[in-house]
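As a plain string of letters, each chain reads:
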Amino acid sequence: MPGSVLAVMAHPDDLELWAGGTLALHAQHAPVVGAIQAHDPIRDAEAQAGAKVLGIDVELHPRLDAATVGDLIRRHRPDVLITHPTDDVHPDHRAAAEAVLAGLPEAHIATSSPRRLYTCDSYNSLTLNGPVTASVIIDISGTFEQKMRALAEHRSQPITEHFGPMAETLSSLWGARIGTARAEAFRPLPILGRLPAAAHL
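Residues numbered from 1 in each chain as written. Predicted model: local features only at pLDDT ≥ 70, side-chain atom pairs only at ≥ 80, totals over all residues. Heavy atoms only, no water.

Its boundaries defined by the atoms lining it, the largest pocket holds a volume of some 220 Å³. As for the largest pocket, its lining consists of V5, T22, H26, V80, I82, R116, Y118, V136, I138 and F186. Considered class by class, the residues forming the lining of the largest pocket number 7 nonpolar, 2 polar and 1 charged. In this structure, the second largest pocket occupies an estimated 180 Å³ of space. If you trace the second largest pocket, you find it lined by H108, R115, R116, I191, R194, L195, P196 and A197. Taken together, the residues of the lining of the second largest pocket sort by class into 4 nonpolar, 1 polar and 3 charged. (1 Å grid on protein atoms, 1.4 Å probe; cavity = no way out; pocket = protein on both sides within 12 Å on 5 of 7 lines; lining within 4 Å. Points joined across faces, edges and corners; volume = space filled by probe spheres on them. Nonpolar A, V, L, I, M, F, W, Y, C, P; charged D, E, K, R; others polar.)

Time to look at empty space enclosed by the protein. Applying the stated criterion to the full structure yields 1 cavity of 30 Å³ or more. If you add up the space inside the largest cavity, you get close to 70 Å³. Along the walls of the largest cavity sit L17, W18, D121, K147, A167, L170, S171, W174, A183, E184 and A185, which together make up its complete lining. Elements supplying a minimum of two residues to the lining of the largest cavity: α1 (14-27), α6 (159-178) and β9 (183-189). The greatest single-element share of the lining of the largest cavity, amounting to 4 residues, is contributed by α6. Split into classes, the residues belonging to the lining of the largest cavity amount to 7 nonpolar, 1 polar and 3 charged. (Helix = DSSP H or I, 4+ residues; strand = E, 2+ residues; numbered from the N terminus.)

Here we take up the packing of aromatic side chains. According to the stated counting rule, one finds 2 aromatic pairs in the structure shown. Aromatic side chains W18 and Y123 sit 5.2 Å apart centroid to centroid with 85 degrees between the ring planes, which places their arrangement in the edge-to-face category. Linking W18 in helix α1 with Y123 in the loop between β5 (116-119) and β6 (126-127), this pair joins segments that are 105 residues apart in sequence. With relative accessibility at 2%, the residue W18 sits in the buried group. An aromatic cluster of three or more residues is present, and its members are W18, Y123 and F163. A cation sits over an aromatic face here: R177 above W174, 4.4 Å from the ring centre. Above the plane of the ring of F144 lies R182, whose end atom (NZ or CZ) is 4.1 Å from the centre. (Phe/Tyr/Trp six-rings, centres within 6.5 Å; stacked < 30°, edge-to-face > 60°. Buried < 20%, exposed > 50% of the residue type's maximum accessible area, 1.4 Å probe, protein only. Lys NZ or Arg CZ within 6 Å of the ring centre and 35° of its normal.)

This paragraph deals with the pattern of salt bridges. Enumeration according to the criterion identifies 8 salt bridges in this entry. Notably, a salt bridge pairs R75 with E59, separated by 2.8 Å at the nearest N-O pair. Taken together, the residues span a long stretch of sequence, with R75 in helix α3 (residues 66-76) and E59 in strand β3 (residues 57-61) at a distance of 16 residues. R115 serves as the salt-bridge partner of D79, at 3.3 Å between the closest nitrogen and oxygen. Taken as a pair, D79 in the loop between α3 and β4 (80-83) and R115 in the loop between α4 (91-111) and β5 lie far apart in primary sequence, 36 residues in all. With relative accessibility at 52%, the residue R115 sits in the exposed group. Residues joined by salt bridges that share partners form a network here, namely E59, D71 and R75. (Salt bridge = Lys/Arg side-chain N within 4 Å of Asp/Glu carboxyl O.)

Right, here's the structure in full:
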């Protein structure tokens, strides 16, 4: 069964855009918390509304730094942690990923959490070093509409003309790779030199 998730991301709409279908899927079985940096009252309210649609909790933090990430891990003890690619094209995304990498080791030693660390997709699946390389692709066909409803809560952002069509395109392309209608892509990162174990192929 899907385990508990902590998603540490930069912007209020990042939870929905890059991992909304997967977060909604996990939330059917386990606690899911999204941690993002607080912005302004409008965007923070949109984050709360989007999280409600996904069925997850959201925390807004004045700063997303290593200390914040360490505290989040100690409090929530997630099975899975998701963040942005470390080579993301957006500097705010890279900063969030760097905070995760800096805050994770001590917290993991203290709690043995998370057991798995993943980075998510990015703008048109491109990073500073080329296309996103994803070895884990999650079928979100059953939660895609929920993801899109949550994304639509971010009315202050260009959802209809930009982020919405991109989410549709990316989910369709990743879905085609695994023979489903919709999917989201993730890449595992090692935690203190260990990757997630696989029982079988």
